[in-house]
Amino acid sequence: MATNAQTGEIRDEYTTYPPSGSRCSDCGWEFAFLVPARRAEQERGTGSPLVQYRHFKCPEVEAR
């Protein structure tokens, strides 16, 4: 059976407030102060899991 490290599966764990300077793994925008996010872990082949934070709904990206 394949493990999370082999499949690259991302597993949402819970809602939290991300640390200052964190960026959304989906849209790349930095989180505003006291904006809740979904915390997820992605297993890696070696070492500790990669922690990711994602918006519940990513803000619109302005045309540049």
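See the structure above.
Engineer: Explanation requested: the overall build of the protein in the structure shown.
Structural biologist: For the protein, the helix and strand inventory stands at one helix and three strands. Starting at the N terminus and walking to the C terminus, you meet the elements of the protein as α-β-β-β. A buried classification covers 19% of the 64 residues belonging to the protein. For the protein, contacts bridging at least 24 residues in sequence account for 50% of all contacts bridging at least 6. Entry remark: accessible area of the protein is about 4900 Å², with carbon and sulfur atoms responsible for 51%.

Engineer: What is the right way to read the environment of Pro-36 from this model?
Structural biologist: One can find Pro-36 in the loop between strand E1 (10-16) and strand E2 (37-42). Other than its neighbours up to four places away in sequence, Pro-36 contacts Thr-15, Thr-16, Tyr-17 and Phe-56.

Engineer: Explain unusual backbone geometry to me, please; I cannot follow it from the model alone.
Structural biologist: In terms of backbone geometry, most residues other than glycine have negative phi values and most peptide bonds are trans. Not every positive phi belongs to a glycine, and Leu-34 is a case in point at roughly 60°. Mapped onto the secondary structure, Leu-34 falls in the loop between E1 and E2. A relative accessible area of 58% means that Leu-34 is categorised as exposed.

Engineer: It is not clear to me how the side chain of Glu-41 should be interpreted in this structure. Could you clarify?
Structural biologist: Here Glu-41 lies in strand E2. Looking at Glu-41, the relative accessible area reads 14%, which means it is buried.

The rules behind the values
- Residues numbered from 1 in each chain as written.
- Predicted model: local features only at pLDDT ≥ 70, side-chain atom pairs only at ≥ 80, totals over all residues.
- Heavy atoms only, no water.
- Helix = DSSP H or I, 4+ residues; strand = E, 2+ residues; numbered from the N terminus.
- Buried < 20%, exposed > 50% of the residue type's maximum accessible area, 1.4 Å probe, protein only.
- Contact = heavy atoms within 4.5 Å.
- Areas by Shrake-Rupley, 256 points an atom, 1.4 Å probe, with all protein chains shown as cover.

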